[in-house]
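# A structural walkthrough
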Amino acid sequence: MRQDHMELNGEESSRECYTILVAGIPAAGKSVLAERLSAHLGLPWFSKDSIKEGLYDTIGFRSRQEKVKLGIASTEVLYYLAEQMMRCHKPFILENNFEASSRQGLAELLARYGYRALTLRLTGDYACIYRRFVQREKSSGRHPGHVTNSSYSKDSGAAPSPTVTLEQYVAAIQSREMDSFCMEGSVITVDTTDFSKVDYEAVYREVREWQNRAVLSRACNFDQILHSE
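The following refers to the structure shown.

The rules behind each value
- All residue numbers refer to position in the chain's written sequence, counted from 1.
- In keeping with the predicted nature of the model, local features appear solely for residues at pLDDT of at least 70, side-chain atom pairs appear and are counted solely at 80 or more, and the whole-chain, interface and lining totals rest on all residues.
- To get the side-chain values, all heavy atoms of the structure are used, and hydrogens and water are removed first.
- Between 30 and 60 degrees the pair is tilted, below 30 it is stacked and above 60 it is edge-to-face, where a pair is any two Phe, Tyr or Trp rings, Trp via its six-membered ring, whose centres lie within 6.5 Å.
- Helix and strand definitions here come from DSSP, where helices need a minimum of 4 consecutive H or I residues and strands a minimum of 2 consecutive E residues; each element is numbered from the N-terminal end.
- When accessible area is computed with a 1.4 Å probe and restricted to protein chains, residues below 20% of their type maximum are described as buried, those above 50% as exposed, and intermediate ones as partly exposed.
- For two strands to pair, DSSP has to find at least two bridges joining them.
- Axes, fitted as lines to C-alpha atoms, cover a helix only where it is in contact. Angles between the N-to-C directions of the axes lie from 0 to 180 degrees.
- Working definition: roughly parallel below 35 degrees, roughly antiparallel above 145 degrees, roughly perpendicular at 65 to 115 degrees, and oblique for all remaining angles.
- Definitions for this section: a left-handed crossing has its near helix turned counterclockwise from the far helix by less than a right angle. A right-handed crossing has that turn clockwise.
- Whether two residues are in contact is decided by their heavy atoms, any of which lying within 4.5 Å being enough.
- Each residue gets one of three labels, nonpolar for Ala, Val, Leu, Ile, Met, Phe, Trp, Tyr, Cys and Pro, charged for Asp, Glu, Lys and Arg, and polar for the others, Gly among them.
- In this analysis, the expected span of each helix is defined as 1.5 Å times one less than the number of residues it contains.

### A few points about the packing of aromatic side chains
Taken as a whole and judged by the stated rule, the model has nine aromatic pairs. Centre to centre, the rings of Phe92 and Tyr115 are 6.0 Å apart; their planes meet at 40°, and the pair counts as tilted. Of this pair, Phe92 sits in strand 3 (residues 92-95) while Tyr115 sits in the loop between helix 5 (103-113) and strand 4 (116-123); the two residues are 23 residues apart in sequence, bridging distant segments of the chain. Judged by its relative accessible area of 0%, Phe92 falls in the buried class. On the basis of an interplanar angle of 15° and a centroid distance of 5.2 Å, the ring pair of Phe98 and Phe181 is categorised as stacked. On the criterion of sequence distance, the pair formed by Phe98 in the loop between strand 3 and helix 5 and Phe181 in the loop between helix 8 (166-175) and strand 7 (187-191) is long-range, its members being 83 residues apart. Of the residues examined, Phe98 reaches a relative accessible area of 0% and is grouped as buried.

This is how it looks when you write it as structure tokens:
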């Protein structure tokens, strides 16, 4: 009797074993989409930028090298949170500038817990989004730790850094493969060149369709395993 109960729980929880990765190029609107998707689907949302901002304010940095280390630490925290959700068989959203170096750690987590991933990849016209990137960097609402590469502390603020050029912006996207990132081949590409033309309802529908396919496929696999024993 107890074994049957455990198997039923396993079947039910296995249907929730998925994550949605909101990826894409800088200033493409990842946080906006992740927040809206979280509210629409009722899923928890974890953002690497939010983690970094907490570390910037708590620890600060005095060089580009130290800032990079805080970025690496933020990724570790992000993956730790993801793993805790996976241990509980819960679906969730991760938002980050995912790149080529992100694949191995994510792939290991997904395989360890039998999770599926849907990648929402935000992109568009580089020149247009770059202009938005520059405007964002100059905005008073932007955390100063993101803007500088020199030094930052919550008490003394940020040291000025040169503005990233369009060429540097594009080179970083291409060299780090931000615009081609995906996991498991399941990807929805969203053009965010013009925010006013983004059809969020269409994105929600595509995500729902993927969820339904993932749940159905996992349920079929689970049934096959049970009947093969």
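### Looking at the pairing of strand 3
In strand 3, alternate side chains face the same way, and those of Phe92 and Leu94 on one face and Ile93 and Glu95 on the other are all buried. Sheet topology places strand 1 (residues 18-24) next to strand 3; four bridges connect them, and they run parallel. Bridge pairing in strand 3 links Ile20 to Ile93. The pairing of strand 2 (residues 45-47) with strand 3 spans three bridges and is classified as parallel.

### Brief notes about the packing of helix 4 (residues 64-87) against helix 5
Packed helices, taken two at a time, are described by the angle between their axes plus the distance between the axes. Where helix 4 contacts helix 5, the axes come no closer than 10 Å and their chain directions differ by 15°. Comparing the axis directions of helix 4 and helix 5 gives the class roughly parallel. Note that helix 4 runs across helix 5; the crossing there is right-handed. Note on element contacts: helix 5 touches helix 4 through Gly105, Leu106, Leu109, Leu110, Arg112 and Tyr113, opposite Tyr79, Ala82, Glu83, Met86 and Arg87. Grouping the constituent residues of the contact of helix 4 with helix 5 by class yields seven nonpolar, one polar and three charged.

### Let's talk about the environment of Tyr130
Mapped onto the elements, Tyr130 comes out in helix 6 (residues 126-138). With relative accessibility at 15%, the residue Tyr130 sits in the buried group. Remark: the alpha-carbon pair of Tyr130 and Thr165, spanning 35 residues in sequence, is separated by 8.7 Å. Not counting the four nearest positions on each side in its chain, Tyr130 is found in contact with Thr163, Val164, Thr165, Leu166 and Tyr169.

### A few points about helix 4
Between its first and last C-alpha atoms helix 4 spans 35 Å; for 24 residues at 1.5 Å apiece the expected length is 34 Å, and the two agree. Along helix 4, the residues that are buried comprise Lys67, Leu70, Gly71, Ser74, Thr75, Leu78, Tyr79, Ala82, Glu83, Met85 and Met86. Looking at the buried side of helix 4, the elements it contacts are strand 2, helix 3 (48-58), strand 3, helix 5 and helix 7 (144-147). His89, located one to two residues past helix 4, shows a positive phi value of around 60°.

### Focus on the packing of helix 6 against helix 8
Interaxial distance between helix 6 and helix 8 falls to 10 Å at its minimum, and their mutual angle equals 110°. Between helix 6 and helix 8, the angle falls in the class roughly perpendicular. Along this stretch, helix 6 crosses helix 8, giving a crossing that reads as right-handed. Across from Tyr126, Ala127, Ile129, Tyr130 and Phe133 in helix 6, the residues of helix 8 making contact are Leu166, Tyr169, Val170, Ile173 and Gln174. The residue inventory of the contact of helix 6 with helix 8, partitioned by class, reads nine nonpolar, one polar and no charged.

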